[in-house]
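A structural walkthrough
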Amino acid sequence: MGRRTVQFLCCLPVLALLTGGVTSSAQAKSFFTPRRTFGVLFLGGSAFMAKKAIDFRRDANRIYDAYKQAQTAQEVERLFERSSDQDTKSQMSIGLSAVMLVSGLRLLLSSSVDDNIPKKDRRLTLDLKGDARSQAVRVEIKKRF
């Protein structure tokens, strides 16, 4: 099996636990609201980015070990740059993972807050008028509040 297939198969039980653990109300409403869907997607993205952070950190440690055993100045410089790059990627991945985790949890925990908010007309009306004699164009944008 390929690496992506293994990653996908590892994420399936987590997704099943997340969707099965959240109880829905007894009403005949759809369980998959936009907030819940994006919450689950963010939690999956968080898990993926945490896995990438671990991989980047492992690569950085492996490259740093090779850096300590390097013989030439060019090899030392190249390995140090690669190790530093992998460390930076690891830190960025773990930061993004934390942000996605908090966002996903917030969306899941507040998924039923705005179910009863009435829908408003948020459309813009564009009115375009032209006059050939004065060679003028008039554009009106109307928004209802």
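Just so it is clear, the model here is predicted, and its values are computed rather than measured.

Here we look at helix H3 (residues 73-109)
The first and last C-alpha atoms of H3 sit 54 Å apart over 37 residues, in line with the 54 Å expected at 1.5 Å per residue. The set of residues buried in H3 consists of Leu79, Ser83, Gln86, Ser90, Ser93, Ser97, Met100, Gly104, Leu107 and Leu108. On its buried face, H3 is in contact with helix H2 (34-68).

Overview of the packing of H2 against H3
Running from amino to carboxyl end, H2 crosses H3 at an angle of 160°, the nearest separation of the two axes being 7 Å. As far as their axial angle goes, H3 and H2 are roughly antiparallel. Here H2 and H3 pass one another in a crossing that is left-handed. Each residue belonging to the contact of H2 with H3 can be placed in one class, and the counts come to 23 nonpolar, 10 polar and eight charged.

Examining the side chain of Ser46
Note on placement: Ser46 falls in helix H2. Contact partners of Ser46, with chain neighbours within four places excluded, come to Ser97, Met100 and Leu101.

Observations concerning the pairing of strand E2 (residues 136-143)
As paired strands, strand E1 (residues 124-131) and E2 are joined by eight bridges and run antiparallel to one another. Bridged to Gly130 within E2 is Val137. Hairpin connection of E1 to E2: four residues between the antiparallel strands, including Gln135 at a positive phi of 55°.

Brief notes about the environment of Ile63
Tracing the backbone shows Ile63 in helix H2. On a C-alpha basis, the gap between Ile63 and Gln86 in space is 8.9 Å, while along the polypeptide they are 23 residues apart. Excluding residues that lie within four positions of it along the chain, Ile63 makes contacts with Leu79, Arg82, Ser83 and Gln86.

Rules used throughout
- Residue positions are given per chain, counted from 1 along the sequence in the order it is written.
- pLDDT decides what is reported in this predicted model: residues at 70 or higher carry local features, side-chain atom pairs at 80 or more are listed and counted, and totals for whole chains, interfaces and linings draw on all residues regardless.
- Each side-chain value is derived from all of the structure's non-hydrogen atoms; neither hydrogens nor water enter the calculation.
- For helices the rule is a DSSP run of H or I covering at least 4 residues; for strands it is a run of E covering at least 2, with both sets numbered from the N terminus onward.
- Each residue after the first adds 1.5 Å to the expected span of a helix.
- Exposure categories follow from relative accessible area, calculated using a 1.4 Å probe and restricted to protein chains: below 20% of the type maximum is buried, above 50% is exposed, and the middle band is partly exposed.
- We call two residues in contact whenever any of their non-hydrogen atoms come within 4.5 Å of each other.
- A fitted line through C-alpha atoms represents every axis, and for helices the fit uses only the stretch in contact; the resulting angles, taken between N-to-C directions, go from 0 to 180 degrees.
- Working rule for angles: under 35 degrees goes down as roughly parallel, over 145 as roughly antiparallel, 65 to 115 as roughly perpendicular, anything else as oblique.
- Crossings are sorted by hand: turned counterclockwise from the far helix by less than a right angle, the near helix makes the crossing left-handed, and turned clockwise it makes it right-handed.
- Amino acids outside the nonpolar list (Ala, Val, Leu, Ile, Met, Phe, Trp, Tyr, Cys, Pro) and the charged list (Asp, Glu, Lys, Arg) are all regarded as polar, and Gly is one of them.
- Being paired, for any two strands, means DSSP has found at least two bridges between them.

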